[in-house]
Amino acid sequence: MVEIIRSFRALEHGEQQEEIACPLCGSTSDRLILKARDLLFGRPGEYRLAQCLSCNLKYVNPRPTRQALNRHYPDRYYEISIQDNAPSFIQPFIRAFSDGISKRRVAYLERVIGRIAPETEVLDVGCGTNLLLSYIKRARGCQGLGLDFNRMVVQYVRDQLKMPIVHGTLQTADFQAARFDLVTMMEYLEHEADPRAVLQKARLITRMNGHLALELPDSLGLPARILRSLWWNLDLPRHLVFFTPDTLRRILDECGFELLTVKRFTLPLYIGLSLGQVFGQRHWAKNWRWVPVLSTLLGAPFLPFQIALPEFIFAIARAK
Ligand SMILES: [Zn+2]
């Protein structure tokens, strides 16, 4: 449980917020790293990213309460992730891009855990539109199970993709202990208000020596450090917590996982999204159809340097 020190109404926009103790070590001493606004939906409010003085974890503090947080995930947040909603002329590019992402994730995974077999029991937590599991099914013949709390994507995966998915979260879903060989959380854990509770539940449903794969924003990368409040992957206040390999190792260890590897990487043209913000973009969701075009134009000159611009970390841990 993350300790809540006090709840209050934010002066600027009346949002119900809570001040918290560090979600990793419980310390109540932190320092301000930066202040930032929501640049995806352009909603009012300024948020504070803090760093724990005791364990170095970075987290949003104060943050919207669990209920207030729902308003930061409007249906539009999910609509833009459904490929079929994009203009038809760019759909093949989006498809190729998404497949590239999944292919890379599977390659990282298999280098550590070996080839995914058709009978491997996989759960993708926060599966969204099931990009990863669709790819694993096509490439490895393995029928994974998705889990997501948004009704719209659950319906999409069930009706359009005809793939199995559970509606809810790890806390509400009723999975049997030690059921899964592999649990994946791609760009998920940073959205969770209580990452420890999520990882403990993940451990419970993973078999001994099974694996957990996490993809998270890389808050130590050059883009994060230089662009600060204009860094695309900051995404406050939806991203509530930022792990480094050190803080990740600690929380995983405390939840019954051994961290095996951490890889840092970026995606082609991804830096273009942050650069759009540097050049004044303040409400991405409104101009979503132009996002691929804009990020391509702005990101292309940086393609030769992308190895120096990591945006994500990909971590693999083993259940101990
Ligand atoms: Zn701490």
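The following refers to the structure shown. (Residues numbered from 1 in each chain as written. Predicted model: local features only at pLDDT ≥ 70, side-chain atom pairs only at ≥ 80, totals over all residues. Heavy atoms only, no water.)

## A short note on the nonpolar core
Applicable threshold: To qualify as a nonpolar core, a set must consist of buried Ala, Val, Leu, Ile, Met, Phe, Trp, Tyr and Cys residues joined through side-chain atoms within 4.5 Å. Exposure classes here rest on a 1.4 Å probe applied to the protein chains alone. A residue is buried below 20% of its type maximum, exposed above 50%, and partly exposed in between. Only heavy atoms enter the contact rule, under which two residues are in contact if any of them lie within 4.5 Å.
If you look at the biggest cluster of nonpolar residues, it comprises 56 residues, and the most contacted ones within it are Leu49, Leu234, Leu236 and Phe314. Leaving out residues up to four positions away in the same chain, Leu49 has contacts with Arg31, Leu32, Ile33, Leu34, Lys58, Tyr59, Val60, Leu234, Leu236 and Phe242. Membership of the second largest hydrophobic core comes to 39 residues, among which are Val2, Ala173, Ile205 and Ile313.

## Thoughts on the coordination of the zinc ion
The cut-off we apply is this: Donor atoms (N, O, S) are those found within 2.8 Å of the metal centre, with the cutoff raised to 3.2 Å for Na, K and Ca; water is not part of the atom list, so apparent gaps in a site can occur. When four donors show all angles between 85 and 135 degrees the site is tetrahedral, when four or six donors have opposite pairs over 155 degrees and all other angles between 65 and 115 it is square planar or octahedral respectively, and in every other case it is irregular. Each helix corresponds to a stretch of at least 4 residues labelled H or I by DSSP, and each strand to a stretch of at least 2 residues labelled E; elements are numbered beginning at the N terminus.
Around the zinc ion, the donor atoms from the protein are Cys22 (SG), Cys25 (SG), Cys52 (SG) and Cys55 (SG), and they sit 2.3 Å away. Coordination at the zinc ion comes from four donor atoms whose angles at the metal span 100 to 115°, giving a geometry best classed as tetrahedral. Binding-site remark: the zinc ion is held by donors from one chain whose sequence spacing is C-x2-C-x26-C-x2-C. Of this pair, Cys25 sits in the loop between strand E2 (16–20) and strand E3 (30–37) while Cys55 sits in the loop between strand E4 (46–52) and strand E5 (58–60), placing them 30 residues apart in sequence. Take Cys25: its relative accessible area is 26%, and that puts it in the partly exposed class.

## Some points on the side chain of Ser295
Looking at the element boundaries, Ser295 is found in helix H10 (residues 291–299). Aside from chain neighbours lying at most four places away, what touches Ser295 is Leu269, Gly272, Leu273 and Ala300.

## Details of the packing of aromatic side chains
Each aromatic ring pair is summarised here by two numbers: the centre-to-centre distance and the angle between the ring planes. Put simply, the rule is: For this analysis, a ring pair means two rings from Phe, Tyr or Trp (six-membered ring only for Trp) whose centres lie within 6.5 Å, classed as stacked if their planes differ by under 30 degrees, edge-to-face if by over 60, and tilted for the remaining angles. As a reminder, the over-ring test applies to NZ of lysine and CZ of arginine, requiring each to be within 6 Å of the ring centre and within 35 degrees of the ring normal.
Tallying each qualifying case throughout the model produces 11 aromatic pairs. Centre to centre, the rings of Tyr77 and Tyr78 are 5.2 Å apart; their planes meet at 85°, and the pair counts as edge-to-face. Considered together, Tyr77 and Tyr78 belong to a single accessibility category, that of buried residues. Where Trp231 meets Phe242, the ring centres are 6.3 Å apart and the plane angle is 45°; that geometry is what we call tilted. Of the two residues, Trp231 sits in the loop between helix H7 (222–227) and strand E12 (241–242) while Phe242 sits in strand E12, which places them 11 residues apart along the sequence. Each of the two residues, Trp231 as well as Phe242, counts as buried. Grouping aromatic residues by their ring pairs yields a cluster made of Phe41, Tyr73, Tyr77, Tyr78 and Phe149. Of note, Arg6 hangs over the ring of Phe8, and the distance from its end group to the ring centre comes to 4.3 Å.

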